[in-house]
Amino acid sequence: MTTATYKVTGMTCNGCATKVRNQITTVAGVSNVDIELATGHVTVTTDSTVDNAVIVDAIEETGYEAVLV
């Protein structure tokens with residue numbers, strides 16, 4: 001398992017977080033998504049190697065900006 005944390009800007013409510021979580025979980029290999037709304041940190045755990053750019057793209061598809069921290 002590997003874990004990576006991303007800083008997501010623009011999430012302001014639980015609905016935003018749910019939207020981001022649902023999109024990330026569609027990426028093959030993702031096993032868990034933990035979102036800390038107050039800081040904008042999204043921690044993604046994967047069962048296999050997943051390119052960070054794929055996760056960033058998934059987040060950005062929901063309308064938010066993301067960077068690996």
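Owing to the predicted nature of the structure, the values given are computational and were not obtained by experimental measurement.

The rules behind these values
- Every chain's residues receive numbers from 1 upward, in the order its sequence appears when written.
- pLDDT decides what is reported in this predicted model: residues at 70 or higher carry local features, side-chain atom pairs at 80 or more are listed and counted, and totals for whole chains, interfaces and linings draw on all residues regardless.
- Water and hydrogen atoms were dropped before computing side-chain values, which therefore reflect all heavy atoms in the structure.
- Note that patches include only residues with greater than 30% relative accessible area and no salt bridge, and the join distances are 9 Å for like charges and 5 Å for nonpolar side chains (Val, Leu, Ile, Met, Phe, Trp, Tyr).
- In this description, accessible areas are obtained by the Shrake-Rupley approach with a 1.4 Å probe, and a residue is regarded as covered only by the protein chains that are shown.
- Any Lys or Arg side-chain nitrogen found within 4 Å of a carboxyl oxygen on Asp or Glu counts as a salt bridge.
- We count Lys and Arg on the positive side and Asp and Glu on the negative side, and we leave His and both chain ends out.
- To locate a charge, the coordinates of NZ of Lys, CZ of Arg, CG of Asp or CD of Glu are taken.
- Think of it this way: any DSSP run of H or I at least four residues long counts as a helix, any run of E at least two long counts as a strand, and we number them from the N terminus.
- The criterion used for residue contact is that any of the two residues' heavy atoms lie within 4.5 Å.
- Only protein chains enter the accessibility calculation, which uses a 1.4 Å probe; a residue is then buried when its area is under 20% of its type maximum, exposed when over 50%, and partly exposed in between.
- Our arc is simply the arc of the directions from the helix axis toward the C-beta atoms.
- Polar contact is the term for a pair of N or O atoms within 3.5 Å; when the atoms are in protein, one must be able to donate a hydrogen and the other to accept it, and sequence-neighboring residues count only if both atoms are side-chain atoms.
- Between any two strands, at least two bridges found by DSSP are needed for them to pair.
- Orientation is described by axes fitted as lines to C-alpha atoms, over the contacting stretch for helices, and by angles from 0 to 180 degrees between their N-to-C directions.
- Within this scheme, the nonpolar core is defined by two criteria: the residues are buried Ala, Val, Leu, Ile, Met, Phe, Trp, Tyr or Cys, and they are joined through side-chain atoms within 4.5 Å.

A.B. asks: Mind showing me how you'd approach a negative patch on the surface here?
C.D. replies: A cluster of acidic residues, D51, D57, E60, E61 and E65, forms a negative patch at the surface. Considering every element that reaches the negative patch, the biggest residue donor is helix α2 (residues 52-61), with three residues. Structurally, E61 is set in helix α2.

A.B. asks: Whenever I open this one, the environment of I35 confuses me. Can you help?
C.D. replies: Along the chain, the position of I35 falls in strand β2 (residues 30-36). Between the C-alpha atoms of I35 and G15, which are 20 residues apart in sequence, the distance is 12 Å. Those residues in contact with I35, other than ones at most four positions away along the chain, are M11, A17, V20, R21, H41 and V42.

A.B. asks: Explain α2 here, please?
C.D. replies: Count 3.6 residues to each turn of an α-helix, and residues three or four apart come out pointing the same way. Of all the residues in α2, the buried ones are I55, V56, A58 and I59. Axial view of α2: buried residues confined to an arc of 160°, hence all on one face. Packed against the buried residues of α2 are β1 (2-9), α1 (14-24), β2, β3 (41-46) and β4 (65-68). At the N-terminal boundary of α2, the capping side chain belongs to D51, with an oxygen 3.1 Å from the backbone nitrogen of A53. Where α2 terminates, the next one or two residues include G63, which has phi positive at roughly 100°.

A.B. asks: Looking at this structure, how should I read the sheet that holds β4?
C.D. replies: Whenever strands of a sheet pair, they do so through backbone hydrogen bonds, lying parallel or antiparallel. Taken in spatial order, the four strands line up as β2-β3-β1-β4 in an open sheet, and their pairing is antiparallel. On the outer flanks of this sheet lie β2 and β4, each paired with one strand and no other. Adjacent strand axes in the sheet meet at a mean angle of 25° when their direction is disregarded. Judged from the six bridges that link them, β2 and β3 form a sheet pairing that is antiparallel. Bridging across to β3, E36 finds its partner in H41. Seen against the sheet, α1 touches β2 and β3 and runs at an angle of roughly 165° to β2. Across the sheet, α2 touches β1, β2, β3 and β4, and the angle it forms with β1 is around 35°.

A.B. asks: Explain the nonpolar core to me, please; I cannot follow it from the model alone.
C.D. replies: M11, I24, V42, I55 and I59 are the most contacted members of the largest nonpolar core, which has 21 residues in total. Contributing elements (two or more residues each) for this core: β1, α1, β2, β3 and α2. Other than its neighbours up to four places away in sequence, I24 contacts V30, V33, V42, V44, I55 and I59.

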